[in-house]
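Inside the fold
Here are the chains, one letter per residue:
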Amino acid sequence: MYLLVENSEEAKRCLPVYMLTVGADHVQKPVQRTLGIPLYQIFFVDRGSIRFTVNGEEVILGESTVLFMQKGLPVSYERVSEESRTGWVAFDGEGIEGILSYFRAAPFSYQNDSSVKELRRACIRAVEKKASSEALSALVYELMLAYFRALNQTEESAPLAAAKAFMETHFATDPSIAQVADAAGISESLLYRLFRREGNTPVGYLRGVRMQNAKRMLLESPQTSVAEIALACGFSNAAYFCKVFHAAEGVTPKKYRDIYLS
């Protein structure tokens with residue numbers, strides 16, 4: 001299916017983004033755009049696989065993949081298998097570059113399509129019902145935001161997991177924020193931003209890891225002193241450990257041990 005959107009010249013001139021075509025269940029023919037694709041596209045691989053060549057590098061993207069291709073990007077693509085089917089939402093507008101700059105978007109990117117499936121269906125339904133240019137503009141804007149938000153979260157989940165793993169392994173050595181960020185391969189500011197999204201901070205997460213290990217050691221090693229456990233879990237001294245523990249658990253470490261081992 002291929003649907004063309006009719007926009008007035010006023011809509012193209014005044015709207016920051018406007019939809020131009022949508023496609024679905026399309027039997028993909030070979031495409032070569034050595035001089036660059038003429039429109040911005042959010043492109044879907046619905047069935048089979050499609051081979052893309054961008055900047056001399058090939059990538060084969062399979063079913064349930066959605067990708068973004070920037071206007072002017074030299075690219076070629078073709079179906080890998082006979083059953084391959086594709087879809088797309090193509091758009092243009094003077095406001096798009098600002099959105100791409102805000103998200104620091106690469107000219108070519110891809111991810112799983114789960115975050116934008118429903119919006120894609122909404123775009124197709126709206127075009128079929130001949131919705132107004134401004135309604136279609138709003139849908140494209142929402143589609144772009146959903147795509148790039150999901151992409152950023154996907155790209156940032158790996159560094160966050162790496163930061164947590166580093167703290168869970170090195171909690172006893174009192175790692176600095178700089179060391180944690182370096183282990184995750186990101187800046188300190190991004191590290192803080194990733195933890196804020198979870199309602200936490202790197203320091204708060206590290207403290208939680210220490211507390212969990214301290215509680216485990218209190219119960220699993222009843223002969224080990226509170227002072228030894230404090231140092232083993234990265235606390236500077238027993239007094240500070242007892243203060244933090246009491247604030248979190250409502251009892252002292254010794255009382256906590258007595259309650260659960262009595």
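Please refer to the structure higher up on the page.
All figures in this text were calculated on a predicted structure; none of them were measured in a lab. (Residues numbered from 1 in each chain as written. Predicted model: local features only at pLDDT ≥ 70, side-chain atom pairs only at ≥ 80, totals over all residues. Heavy atoms only, no water.)

For the protein chain, the helix and strand inventory stands at 10 helices and 10 strands. A compact globule built from 262 residues would reach a C-alpha radius of gyration of about 18 Å, whereas the protein chain, at 26 Å, exceeds it by more than 25%. Looking at the protein chain residue by residue over its 262 residues, the buried ones come to 46%. Per element, the accessible surface of the protein chain, about 14000 Å² overall, is 51% carbon and sulfur. Counting 29 positive and 30 negative side-chain charges, the protein chain places the averaged centre of each group 5 Å from the other. (Helix = DSSP H or I, 4+ residues; strand = E, 2+ residues; numbered from the N terminus. Rg over C-alpha atoms; globule rule 2.2 N^0.38 Å. Buried < 20%, exposed > 50% of the residue type's maximum accessible area, 1.4 Å probe, protein only. Areas by Shrake-Rupley, 256 points an atom, 1.4 Å probe, with all protein chains shown as cover. Lys, Arg positive; Asp, Glu negative; His and termini not counted. Charge placed at Lys NZ, Arg CZ, Asp CG, Glu CD.)

This paragraph deals with the sheet that holds strand E1 (residues 2-4). The antiparallel open sheet is built from six strands, whose spatial order is E1-E2-E9-E4-E7-E10. The sheet is open, and its two edges are formed by E1 and strand E10 (108-112), each paired on a single side. Recorded for the sheet is a direction-independent mean angle of 15 degrees between the axes of neighbouring strands. Pairing between strand E4 (residues 40-47) and strand E9 (residues 85-92): seven bridges, direction antiparallel. Paired with Phe 43 across the strands is Trp 88, a residue of E9. The strands touched by helix H3 (residues 117-128) within the sheet are E1, strand E2 (18-27), E4 and E9, with E2 carrying the most contacts at an inclination of about 105 degrees. Where helix H4 (residues 133-170) meets the sheet, its contacts fall on E2, E4, strand E7 (65-69), E9 and E10, and the angle it forms with E10 comes to roughly 80 degrees. (Pairing = 2+ DSSP bridges. Axes fitted to C-alpha atoms, helices over the stretch in contact; angles between N-to-C directions. Contact = heavy atoms within 4.5 Å.)

What follows is about the pattern of salt bridges. Counted according to the given criterion, the structure contains 13 salt bridges. Close ionic contact of Glu 82 with Arg 79 constitutes a salt bridge, the shortest N to O distance being 3.6 Å. Where salt bridges share partners, they join Asp 25, Arg 47 and Arg 85 into one cluster. (Salt bridge = Lys/Arg side-chain N within 4 Å of Asp/Glu carboxyl O.)

To continue, consider the pairing of strand E5 (residues 49-54). Here E5 shows a buried face lined by Ile 50, Phe 52 and Val 54 and an unburied face lined by Ser 49, Arg 51 and Thr 53. Judged from the six bridges that link them, E5 and strand E6 (residues 57-62) form a sheet pairing that is antiparallel. Within E6, the position partnered with Val 54 by the bridge is Glu 57. Counted along the chain from E5 to the antiparallel partner E6, the turn is two residues long, and its residue Asn 55 has a positive phi close to 55 degrees. Where E5 and strand E8 (residues 75-79) come together, five bridges link them in antiparallel fashion.

In this section: the sheet that holds strand E3 (residues 31-33). Ordered in space as E3-E8-E5-E6, the four strands form an open sheet in which the pairing is antiparallel. Single-partner strands in this sheet number two, and they are E3 and E6. If you compare each strand with its neighbour and ignore which way they point, the axes differ by 15 degrees on average.

Any functional reading would require information that these geometric values do not contain.
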